[in-house]
Amino acid sequence: MCRSIKKLRAQEPAATPEDVSAAAQQFVRKISGYRTPSRANEAAFKLAVAEISVASERLLASLEGR
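So, here's what we can say about the structure. (Residues numbered from 1 in each chain as written. Predicted model: local features only at pLDDT ≥ 70, side-chain atom pairs only at ≥ 80, totals over all residues. Heavy atoms only, no water.)

1. What about the overall build of the protein chain?
Worth spelling out the cut-off: Comment: elements are numbered from the N terminus, with helices defined as DSSP H or I runs of at least four residues and strands as E runs of at least two. When a residue's accessible area, from a 1.4 Å probe over protein chains only, is under 20% of the maximum for its type it is buried; when over 50% it is exposed; and in between it is partly exposed. Residues count as neighbours in contact if any of their non-hydrogen atoms are within 4.5 Å of one another. Here the open area of atoms and residues is found with the Shrake-Rupley method and a 1.4 Å probe, where only the protein chains shown may cover a residue.
When you go through the protein chain residue by residue, the secondary structure sums to 2 helices and 0 strands. Across its three principal directions, the C-alpha atoms of the protein chain cover 45 × 20 × 15 Å. Within the span of the protein chain, comprising 66 residues, buried residues form 17% of the whole. Summarising the internal contacts of the protein chain: among those between residues at least 6 apart in sequence, 51% fall at separations of at least 24. For the protein chain, the computed accessible surface area is about 5300 Å², with 55% contributed by carbon and sulfur atoms.

Take a look at the structure:
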């Protein structure tokens, strides 16, 4: 798994959209195997980061505290 991705839930201060995007980018890098995608794959890479960021923000917003 992506060991360099930090936990964003219950973080103080709260995770920013930049934190979520950075985590999404690390995830896409890990599963794609590319640190930097080629020009041919750049659009797909950026779209995946954006979609994962949106899903992650939705998840964080819907989680209830203990």
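2. Thoughts on the layout of surface pockets
We count it as follows: Any residue with an atom within 4 Å of a point lines the site, the site being either a cavity, points on a 1 Å grid over the protein atoms alone where a 1.4 Å probe fits but cannot get out, or a pocket, an open set with protein on both sides within 12 Å along at least 5 of 7 lines. Grid points are joined across faces, edges and corners, and a volume is the space filled by probe spheres set on the points. As a working rule, the residues Ala, Val, Leu, Ile, Met, Phe, Trp, Tyr, Cys and Pro are called nonpolar, Asp, Glu, Lys and Arg charged, and the rest polar, with Gly in that last group.
One number sums up the size of the largest pocket: a volume of about 230 Å³. If you go around the largest pocket, you meet 14 residues; those closest to its centre are Ile 5, Leu 8, Ala 23, Ser 56 and Leu 59. At the level of secondary structure, the elements contributing two or more residues to the lining of the largest pocket comprise helix H1 (17-32) and helix H2 (39-62). Of the residues belonging to the lining of the largest pocket, the class tally is 11 nonpolar, 1 polar and 2 charged.

3. Considering the pattern of salt bridges
Two side chains of opposite charge can pair, provided their charged atoms sit close to one another. Let me state the cut-off plainly: The term salt bridge refers to a side-chain nitrogen of Lys or Arg lying within 4 Å of a carboxyl oxygen of Asp or Glu.
Within the structure shown, the criterion is met by 1 salt bridge. A salt bridge links Lys 46 to Glu 42, with the nearest nitrogen and oxygen atoms 3.3 Å apart. With a gap of 4 residues between them, Lys 46 and Glu 42 both fall in helix H2, about one helical turn apart.

These results come straight from atomic positions and should not be treated as a statement about function.
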